[in-house]
Structure formats: structure tokens, C-alpha cells
Number of protein chains: 2
Amino acid sequence: MPDVAHAHDLKAQVQATRGAGRKLAGLTTEQRNRILVDAADAMERRSDEILAANQNDCDLALAAKIAQPLLKRLKTTSAGIAEMAMRVRDVAKLNDPLGHVLATTELDEGLVLEKVPCPLGVVAVIFESRPDAVPQVSSLAMKTGNGLVLKGGVEARHSNRVLVSIWRDALAAHDPALSDSICLLEDRAEVMQVLQMDREIDLVVPRGSTEFVNFVFRNSRIPVLGHGAGICHVYVDRAADLGMATAVVVDSKIQYPAACNAAEKVLVHREIAAAFLPQVVQALQSVHVEVRVDEECRRLCAGADLVPATEEDWSTEYSDLRITIKVVSCLDEAMDHIERYGSRHTEAIITRDSDAAARFMEQVDAASVFHNASTRFADGFRFGLGAEIGISNSKLHARGPVGLEGLLTYKYKLRGSGQLVADYVAGGRRFTHRKGK
Amino acid sequence: MPDVAHAHDLKAQVQATRGAGRKLAGLTTEQRNRILVDAADAMERRSDEILAANQNDCDLALAAKIAQPLLKRLKTTSAGIAEMAMRVRDVAKLNDPLGHVLATTELDEGLVLEKVPCPLGVVAVIFESRPDAVPQVSSLAMKTGNGLVLKGGVEARHSNRVLVSIWRDALAAHDPALSDSICLLEDRAEVMQVLQMDREIDLVVPRGSTEFVNFVFRNSRIPVLGHGAGICHVYVDRAADLGMATAVVVDSKIQYPAACNAAEKVLVHREIAAAFLPQVVQALQSVHVEVRVDEECRRLCAGADLVPATEEDWSTEYSDLRITIKVVSCLDEAMDHIERYGSRHTEAIITRDSDAAARFMEQVDAASVFHNASTRFADGFRFGLGAEIGISNSKLHARGPVGLEGLLTYKYKLRGSGQLVADYVAGGRRFTHRKGK
């Protein structure tokens, strides 16, 4: 078995990761990118080792009769490894998010304040069966000079061990003191301990089911980057192009129904409801979407096979081929409904009325607000962020799809020559507060 | 009594604040600044009313025998009101933090993504006796288009009622629907309820004792902006100018000992300890600072009246005329000590060695890292932020002294013409990801 460290003493382990991460942050951009490229090369060179470990995991998973979708996510191939390596090289090519100055203020002659980006410190990522999460988050964390604590699913443990050992080897080849920059935890019980380590770990990124993410939000003393439910709406305004609206609703629902940015509800303006509803219902049903509707909608689609919506439907994320439709009297009613039931993730308006679109985009409280586009565009790759550490439903720090900047904070550096606050308070000296760049 | 709304139905009250805040966010910069200036004018016009209410609070406080420093913070004067008004006008003069575009990306022809700043929504500020907190945080929240829930100390309730009514009047004069943008809570029991309202409130700012702030951190389901302990160090390097070091240590300690950015510990390099310690100890004692020391320090200052430090001293914030000094063997030992005991608030190095300073500022994990300057400079006003909503010990969202930007988040606006994700996945269309500005 490779030299992946196991956490006998969890706190010491995480502190070692913190220390190694600090060394990593001191490297140059070129050195950190070199580690990424070396790890990508090693993944391809050692692909037989990865595939054998992955086969082992898959065999055990089959024997344990795990669910088919889980097994599918677990399985990797030569092509899968090549893609993992390619994505790591892409991250190496991204601009360095460190090493520049965000703002400079001369507080007084010879007393200069700089605001500079810096790594968070240690990031813990807790993920489920996909082994490709290892190279993805490792590349993002190493690029940004952070220590990384990984906790993978037990069903992927052999694959994860090999992948983590490849990264630790690439770090060690640069400097043995760097190898602890990544550590892998395997014991599920350690998750609760990790969530209490608010002095050692700066950010937790849970990836998995809504239930799991909510569990982490409730139990963590550390800030969490993640999203619980994704209850996204498409509001079809009275000034909508109905053909466009139907196409956007269908794409938003079926393009990948399990995604958090899939549409779960459609709000339809009363003035176009009679014309629009039969058309959108037919389009959804023809691609096997179960359609739930409010009473008014049901009357307007008499004869169609529709399920009456209950109050619970409005706040339920289906993550499946199911959608609920409601008729509203105006834009404000649509926005009030979204304020009440939305998850502040992604909300779309379909309209030719630019004033209505502007009001919707201004007033709806969500990370992403779209005009005439599918909710499925809310994604770090599609947004052009280059890489995505996760999606955040929180408004603080990072919101919506989050790229490298989600793993950074900033610090203030002040350089003086012995200045004392007493002199400024007494009035002997005055602040100039001259802004640089 | 003025028309300050009392929270009989707390949730409905906060929801009204949320709705009014959304209307406020829709105003122009000029309109929001006008409300600030009107409120400042009204504070001066109604100063007799404020002073009478404040006298009432002070009389009750005297009768209740509250502590002298609390009474001092509670008391206001005509000059105090003029200063409050001036500070509100200063906030009105700051650049509008809203209304511009942070980044633009053309995802494809006719599909344009904008990242724009927007208000958080509703901010709750919980503060103690100082009534000047009302105009200060009101001006910051109204400037940034946020609803504001205020909970003041019971000892300042009459003063707070008048001040809040002045702000609500200024809002109502602009548009009656805006007056709920600020609400004042008076019942201590409501604090716990407020901390659970994570759907209605976006940020909690606790101001008060470390115990209170820590209580809020532990009990809030809402993100918290605040700081607990401030355990700041001054490290006096072997290459320090000893006169400068003494002056900076004294200023960092005594300029305002109760502040969170006051120095609590001094770390001294062994090579200069014998020369420096007697000098700094004498300087501190001459201004009535109790000096605690480690064993080595005590030997080097034989004859001085020094208290032996205990392990507990290293992690204790005195907020008083007391300081603890330790001898270290090198820069790394100093940094390790700070990593172990520091509160990541403000840390200073005194040295003529620019390499040592650079390493210290790079590697020490704190919001503010200073070279040859007093820790007391860590402050929003001194940093030139124009206004300060608080100081954050968290690394996420906002760190260190936090100005207007701490009350903002951002959203992504995507404008298209019916684009579907399926077309990009199938390869029929490709992303251009052309960056704007």
C-alpha cells in the first residue's frame, strides 16, 4: 500500500497539513504549477495502478450490492484518467490568484498599507464515491497554496489511496516537507472531529446529497462552502416568446435533472397561461417529465394527465423528471413566490419586456438571475471560471459557482518606521490616506 | 413616544424590514445619500429630544448603579450629536459601492454574464450601551441598500428610540414604504429568536464583550461578522531598533488598552534580550503597566518587580494595563508561538532586517501583519476605509477592519435569447468565454 498517512492522531495530522501548506504558500507560482503538472504526468504514468485499485473498489462495491448510479460514478477508465490529468493541467495554466496587490493606501508618508490575497490555510473537502474529486480539489488547493484534508467515500478507498499517494509523491519530489500538504482520512467517525477543528481548518467543502450538506452546515464550527437544496424557478412572463419559454423550461428540467441548477418549478403569467400551458405540458410529458399543477393550471389543461400540486411541492427539490407549474397574476406575485420558496440559487425570467427583466434581475435574491436562458448555465465551467471548487448558496465570501478565489482570503500588510497611534490621536501627525492603484 | 415599531410578531417585523430594504436597494445613489443627509440634519434639529431621552437613560442607569465606564459610554452631549451627524454626512460622501459591474464575460455571442455587487438583504446589529451606534450602523446599512434590525442595550433604550425614530422619519419622508427599512428590538429574549432567522437575516454583527460575541458565534444559524479575543503580539527581532521597539510596544499596549488591537504579548529575540528587556520593562512600568514574564526574562531583569507568567497568560486577553513578555530563540519560534496562541487579529514585527519582516508578514496567519508600526493602527478609520461596520476575525467574506463592502455580496446576471445548455453539451455551440473589463 502506498505511503498515504492515516490519521492516528487526527489533530497532529491536520496540524502537519497546516504547516506543510504554509510552506507550499511560500513557493513561486512556477513551482506550484510544476507540482500540478508532475502529478498529472504521474497519474497517466501510474494509470495501471489506479485502474487496479479502482477495479478492486468496484468489485467490493458490486459484492456489497451498492446502487447502480453510485457504482457508475465510482468506475474509472484509461480515458477517465487522461481527462483527470488534462483538467489538472488546465488548472496549472490558470492565472496565479496569489502574488499581486489588491489595494494600496499610503496612510502617511512612510506608512504604507497593502491588501494582498493569501491562502485560507487548510481546506477540508468531504466527498462521496467519485475518485476524480481527488485530482480536481488537489489541483485547486495546491494552486492556491492551501493545505488539504480529504475525506472520501469508503467505497472508493483504494482508488483514493493511490491518487492521494501520487499527489503526495509529486509534492515530496519537490520538497519532502511538502508531502503533508494533502492528507486523506478514511474513517467516517473522523468527520465529526474534523468539523470541530475550527482553529486548524478554515473551510469545509461538503460534496454530496442535500441531507449530507445540511448535516455539515448544522454540525460544523468551521465555515462551510456548499449548497443545500436547489429550488430553481423559470418565470414565464406575459411578454414571453412562448416557443423560447417552452424550450428553456424543457432544457432547464431535463438536461440533467439531478443537478442543483435544474428547474423544479415554473411560474406562468395568467395572460399567456391559456396559450402557453398546453404547449409546455405537452413538451414536458413527451420527454417523460411528470407534471404537477395548481388548480388554475389544471382547468386550463383539461384532459391532460396532471398531478395536483400540494403545498409541499413548492418547497421540494425533486432532482428528478418531475416539475410543478403555477399560474401567477403578475411579476410581483412571481417574485414574492420565489422570495418565499426559492433557495436563492438560480432564477430565470423569460420575457421580451426589458423593464420586467431588469426588475426581476435586480430584485430577486439569488446567486444567479437569468433573462431568456436556461437555469442549467449556472455552473463554474459554463461561467468561464476555469475551475469550480463548488457552488455556494451562502451570500458571504463566495456565492454561486465558486472558482479558485473561494480558497483565498486577504491580509493587510502595513510597513512603517516606528509610527505610533498616540501621535495621530494627539494631532501631531495626520493621515493622508492616499490611494494607490 | 415616537413611532418606533415594536416587535410583537418578530418574524413579520423582520420580513417587513426585508421588503422595505429591497425597495431601498432600488433607489438611486443620490436618493439613498439624501436620506442619510436628511437624517443627519434631523439629528441636529431634534438634539433637545435626543438629549432629554439620553438624560432619562443616564438617570435610570445611575439609579441602577451601573458601572462607571458603561455610564460614560451611554452619556451623549450636543457636541456628541454634532459628531454623529458629521459622521453620517461622511458616509453619504463615500463612493456608492453599488451600481457598477465587477466583471463581464461573454459566454457566447448574445449570452453575456455580469457579476454585480448587491446588498446582503437584512443585517442585524446587536450592540451595547453606546447610542452613537444607531446613526453609525444606520448610515452604513442605508447607504448599501440593506434592511437593518437593531437591538440596543436596555440601558440606552430611550436614546435609541429617539434616534431610530429620526431615521425612520427620514426614510418615510422619502417614501412611507421605506420606513420599515430599520427596526428596533428592545427585548433581550428576542436576540435568541433573531439568531435562528437564517432565512430572513443575512448577517449578524455583534458588538460588545468577547463573551457576548462568542455567545453569538456559538448560537447563530446566521453568518456572524465579529471578533472574539484579540491576542496581538509584538515580536522584537534581533535586528530591531530597540528605541523604536520600546516606543511601539508601549503605544500598542497603553494607547487604548481595552481595544482588541492592543498588544497583549511581547516576544523578544534572545540575542537582544539582555539589552532590550530592562529598557522596555522600565518604560512599561513607568506608565503603570503590570509586566508578566517568562523565567528567562525574569533572570535578565533581576531586581525588577515582575510577575511570573503562567501557561494561561499566553492565551489570555487582558484588555487592561498588563502585558506578558517571553524570550524566543529565533523568528521561527516567534511565529510558532503566534500560530499557537494568537487570535489572527494583528501581529507586528520590529526589525531592520527586511527579509525577516517579509517572512513574518508572509507566513503569520493574521488579518493584519505590521512591520515597524503599532498594532493600534489596525482600525477602519486609520486604514482609510471611510467607515467601519466592525472587525472580523473570520477569514471568509471580510477580514480585519471591514467597511461598506462587508454589507455587500454579489450576484451573477446572465442575459440571453433563449440559449439551451443541451446545444453546448451536444457540441452544436461552443463557449467563447471572452472577458470584458
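Residues numbered from 1 in each chain as written. Chains lettered and ligands numbered in written order. Predicted model: local features only at pLDDT ≥ 70, side-chain atom pairs only at ≥ 80, totals over all residues.

**Some thoughts on the domain arrangement of chain A**
Reasoning step 1: For chain A, the assigned domains read domain 1 (10–225 + 403–410) and domain 2 (232–377).
Reasoning step 2: Distance from the C-alpha centre of domain 1 of chain A to the C-alpha centre of domain 2 of chain A: 37 Å. (Domains from an automatic or database assignment.)

**Some points on the relation of the copies chain B and chain A**
The relation between the two copies of this chain is a rotation about an axis and a shift parallel to it.
Reasoning step 1: Least-squares fitting of chain B to chain A yields an RMSD of 0.1 Å, with the superposition described by an axial translation of 0.0 Å and a rotation of 180°. Here the copies are linked by what is in effect a two-fold axis. The position closest to the rotation axis in chain B is occupied by the C-alpha of H397 of chain B, lying 1.7 Å away.
Reasoning step 2: Comparing interface residues between copies, 98% of those in chain B also sit at the interface in chain A, which points to an isologous, same-surface contact. (Least-squares fit on C-alpha atoms with pLDDT ≥ 70 in both. Contact = placed C-beta atoms within 7 Å.)

**Topic: the packing of helix 2 (residues 29–45) of chain A against helix 6 (residues 133–143) of chain A**
All names here are of chain A.
Reasoning step 1: Relative orientation of the contacting elements helix 2 and helix 6 amounts to 160°, with a least axis distance of 9 Å. Between helix 2 and helix 6, the interaxial angle falls into the category roughly antiparallel. In the packing of helix 2 onto helix 6, the handedness of the crossing is right-handed. Residues R32, I35, L36 and M43 of helix 2 pack against P135, S139, M142 and K143 of helix 6.
Reasoning step 2: Grouping the amino acids of the contact of helix 2 with helix 6 by side-chain chemistry returns five nonpolar, one polar and two charged. (Axes fitted to C-alpha atoms, helices over the stretch in contact; angles between N-to-C directions. Helix = DSSP H or I, 4+ residues; strand = E, 2+ residues; numbered from the N terminus. Parallel < 35°, antiparallel > 145°, perpendicular 65-115°, else oblique. Left-handed = near helix turned anticlockwise from the far one by under 90°. Nonpolar A, V, L, I, M, F, W, Y, C, P; charged D, E, K, R; others polar.)

**A few points about the sheet that holds strand 10 (residues 307–308) of chain B**
Two modes of strand pairing occur in sheets, parallel and antiparallel, and in both the strands are linked by backbone hydrogen bonds.
Reasoning step 1: Strand order in the open sheet formed by 11 strands is 17(A)-1(A)-2(A)-16(A)-13(B)-12(B)-7(B)-8(B)-11(B)-9(B)-10(B), with mixed pairing between adjacent strands. Where the open sheet ends on each side, the last strands, each with one partner, are strand 17 (434–435) of chain A together with strand 10 of chain B.
Reasoning step 2: Here five bridges tie strand 7 (residues 232–236) of chain B to strand 8 (residues 263–269) of chain B, and the two strands are oriented parallel to one another. Residue pairing across strands places V236 of chain B opposite V268 of chain B, the latter belonging to strand 8 of chain B. (Pairing = 2+ DSSP bridges.)

**Quick notes on unusual backbone geometry**
Residues and elements named next belong to chain A.
Reasoning step 1: Its identity is not glycine, yet H288 carries a phi of approximately 70°, on the positive side.
Reasoning step 2: Inspection of the secondary structure assignment puts H288 in the loop between helix 11 (270–286) and strand 9 (290–293).
Reasoning step 3: Note on H288: 8 C-beta atoms within 10 Å, which makes it exposed. (Buried ≥ 20, exposed ≤ 12 C-beta atoms within 10 Å, placed from the backbone.)

**Description of the sheet that holds strand 5 (residues 182–185) of chain A**
Residues and elements named next belong to chain A.
Reasoning step 1: The strand order across the open sheet built from four strands is 5-4-3-6, with neighbouring strands paired in parallel fashion. Each of the sheet's edge strands pairs with one partner strand only, and the pair in question is strand 5 and strand 6 (203–206). The sheet shows a mean angle of 20° between the axes of neighbouring strands, direction not considered.
Reasoning step 2: By the bridge criterion, five bridges tie strand 3 (residues 122–126) to strand 4 (residues 147–151) in an arrangement that is parallel. Bridging across to strand 4, V122 finds its partner in G147.
Reasoning step 3: Strands strand 4 and strand 5 of the sheet are contacted by helix 7 (residues 157–174), whose axis makes an angle of about 160° with strand 5.

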